[in-house]
Amino acid sequence: MTIEWDAGRLDSDLEGVGQDTLAVRAGQRRSPEGEHGEALFFTSSYVFRTAADAAATFAGEMPGNVYSRYTNPTVRAFEERIAAMEGAEQAVATASGMSAILAMVMSLCSAGDHVLVSRSVFGATVSLFEKYLKRFGLQVDYVPLTDFSAWQSAFRENTRLVFVESPSNPLAELVDIAALAELCHAKGAMLAVDNCFCTPILQQPLALGADIVIHSATKYIDGQGRCLGGVVAGRSEQMKEVVGFLRTAGPTLSPFNAWVFLKGLETLRLRMQAHCASAQQLAEWLEQQPGVDKVHYAGLQSHPQHELARRQQKAYGAVVSFEVKGGKEGAWRFIDATRLISITANLGDSKTTITHPASTTHGRLSAEERAKAGIRDSLVRVAVGLEDLEDLKADLSRGLAAL
Ligand SMILES: *Cc1c(COP(=O)(O)O)cnc(C)c1O
């Protein structure tokens, strides 16, 4: 026995509901089986009733799926849910965060275009621009995220895209997204924000005026370190181009990963609240420790952009970086003394992670580039997970004792 469901019913019922309701219900269309949970459509292609139906679907004259490089119902459900949570007209899922950035640039920029990128972006993002995209005639300049006058003077006639991460990794620096969006639009450029560290729970860049949001869903959206994935979200007019690139080039999201991310979104707010609450406590505690010279966390009064963070974000995120006594040796001794926290460069996991940015995530930069970016040898980065706060403190105390 199968049950017929009105596919449109859920969409209309979600008009005007809150972000928490969207997080658990947006994007789901039930199949004729009547499943309550989201169905996982594990299929590469789709069948047609007749040759004529196949022809009409291929021609786009009849709705329907053709091939999972083009569309997949589970991937579409994830896209609709994250779009609803970001307040975007449309979201497009990709195989990873990096392929989201690649798809955005390949579909919206051409040879001869100028792109501005904030200096403190994810390492692979810099490699993508420097090693590959520049080879195809893209002009790329880097601007210090927090220096607004540097942004004002960095634009050229042909500046088409501005790409920033706010807050940045690992120093939690910010840019005023609304002010930067206004500047971009006055100069005829689009603003894209990598929202990986905040997720739509803490910050909605589109509502602040940005044109495009990028996610590595690998981080908090999954939240449990299982799958890679990415998202590009924005206006349909631009997302149509991104879809075109993905269908042709192929870095689409696996339906299994989309299913994991759908379930991840359902608990995202609860997890972010817990991540942020523990991070705030640990940052305040670390600031009191004699072995710690400086803590970089936007939730601290001592953070130079605390006021902007309060205005722009709902909370301060869960990445806490700090400088310990004893330079690189001190940082390594600190890290090696922990027993509970995982030594890994990943973040956005229920398990707390610890890393030494200067020799891992930022190890490919020259010492001079690292100095410019403010990444000291004594810097340790902790991405706070969901363990008991007291256990995390006890583990970090082992690090402090080893300094
Ligand atoms: C991890 C990360 C990326 C890249 O995402 P992948 O899913 O690993 O490809 C991009 N931006 C930021 C801020 C990240 O942390």
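Residues numbered from 1 in each chain as written. Predicted model: local features only at pLDDT ≥ 70, side-chain atom pairs only at ≥ 80, totals over all residues. Heavy atoms only, no water.

Details of unusual backbone geometry
Leaving glycine aside, a negative phi is the common case for residues, and trans is the common case for peptide bonds.
Here is step 1: Cis rather than trans, the peptide bond between Ser166 and Pro167 has omega equal to 0°.
Here is step 2: Inspection of the secondary structure puts Pro167 in the loop between strand 4 (159-165) and helix 8 (177-186).
Here is step 3: Each neighbour pair has its own omega, and for Asn169 with Pro170 the value is 0°, a cis peptide bond.
Here is step 4: Among the secondary structure elements, Pro170 is positioned in the loop between strand 4 and helix 8.
Here is step 5: Despite not being glycine, Thr199 shows a phi value in the positive range, around 65°. (Helix = DSSP H or I, 4+ residues; strand = E, 2+ residues; numbered from the N terminus.)

Considerations on the layout of surface pockets
Here is step 1: Of the pockets and cavities examined, the largest pocket occupies roughly 1,200 Å³.
Here is step 2: If one sorts the elements of the lining of the largest pocket by residue count, helix 4 (residues 73-86) sits on top with nine residues.
Here is step 3: Taken together, the residues that form the lining of the largest pocket break down as 24 nonpolar, 12 polar and 13 charged.
Here is step 4: For the second largest pocket, the calculated volume is near 470 Å³.
Here is step 5: Taken together, 22 residues make up the lining of the second largest pocket; nearest its centre are Arg119, Val121, Val126, Leu365 and Glu369.
Here is step 6: For the lining of the second largest pocket, the elements supplying multiple residues, two or more each, are helix 6 (123-132) and helix 15 (367-373). (1 Å grid on protein atoms, 1.4 Å probe; cavity = no way out; pocket = protein on both sides within 12 Å on 5 of 7 lines; lining within 4 Å. Points joined across faces, edges and corners; volume = space filled by probe spheres on them. Nonpolar A, V, L, I, M, F, W, Y, C, P; charged D, E, K, R; others polar.)

Topic: the environment of Ala54
Here is step 1: Position of Ala54 among the secondary structure elements: in helix 3 (residues 51-58).
Here is step 2: The class of Ala54 is buried, set by a relative accessible area of 18%.
Here is step 3: Taking the C-alpha atoms as reference points, Ala54 and Ala207, separated by 153 residues in sequence, lie 40 Å from one another. (Buried < 20%, exposed > 50% of the residue type's maximum accessible area, 1.4 Å probe, protein only.)

Considerations on the side chain of Glu79
Here is step 1: Relative to the assigned elements, Glu79 resides in helix 4.
Here is step 2: Within the buried core, Glu79 has no salt-bridge partner, and the shortest N-O distance to an opposite charge, that of Arg76, equals 6.9 Å.
Here is step 3: The residues touching Glu79, leaving out its near neighbours within four places in the chain, are Ala91, Val92 and Ala93. (Lys, Arg positive; Asp, Glu negative; His and termini not counted. Salt bridge = Lys/Arg side-chain N within 4 Å of Asp/Glu carboxyl O. Contact = heavy atoms within 4.5 Å.)

A word on the packing of aromatic side chains
Here is step 1: Inspection of the entire model under this criterion finds seven aromatic pairs.
Here is step 2: Following the ring pairs from residue to residue traces out a cluster consisting of Phe42, Phe256 and Trp259. (Phe/Tyr/Trp six-rings, centres within 6.5 Å; stacked < 30°, edge-to-face > 60°.)

Remarks on the sheet that holds strand 7 (residues 230-234)
Here is step 1: Strand order across the open sheet formed by seven strands is 1-7-6-5-4-2-3, with mixed pairing between neighbours. At either end of the open sheet lies a strand with only one pairing partner, and these are strand 1 (90-94) and strand 3 (139-143). Between one strand and the next, the sheet's axes are offset by a mean angle of 20°, whatever the strand orientation.
Here is step 2: Here helix 6 sits on the sheet and contacts strand 2 (114-118), strand 3 and strand 4; the angle it forms with strand 3, its principal contact strand, is near 145°.
Here is step 3: Relative to strand 1, helix 10 (residues 236-249) is tilted by about 20°, and along the sheet it contacts strand 1, strand 5 (190-194), strand 6 (212-216) and strand 7. (Pairing = 2+ DSSP bridges. Axes fitted to C-alpha atoms, helices over the stretch in contact; angles between N-to-C directions.)

A few points about the domain arrangement of the protein
Here is step 1: Split into domains, the protein comes out as domain 1 (10-266) and domain 2 (270-402).
Here is step 2: Each of domain 1 and domain 2 has a C-alpha centre, and the two are 28 Å apart.
Here is step 3: Each partner contributes residues to the interface: domain 1 has 31 residues there, and domain 2 has 33 residues.
Here is step 4: Of all residues in domain 1, Leu171, Leu202 and Tyr220 bury the most surface against domain 2, accounting for 27% of the area lost on that side.
Here is step 5: Of the charged contacts, one joins Arg311 and Asp176 as a salt bridge, the two residues approaching to 3.8 Å between their closest N and O atoms.
Here is step 6: The interface formed by domain 1 and domain 2 includes 12 residue pairs in polar contact (both at pLDDT 80 or more).
Here is step 7: For the side of domain 1 that touches domain 2, the leading source of residues is helix 9 (residues 199-202), giving three residues.
Here is step 8: Classifying every residue of the side of domain 1 that touches domain 2 gives 15 nonpolar, 11 polar and five charged. (Domains from an automatic or database assignment. Buried area = accessible area lost by both parts, 1.4 Å probe. Polar contact = N/O pair within 3.5 Å; in protein donor to acceptor, adjacent residues only side chain to side chain.)

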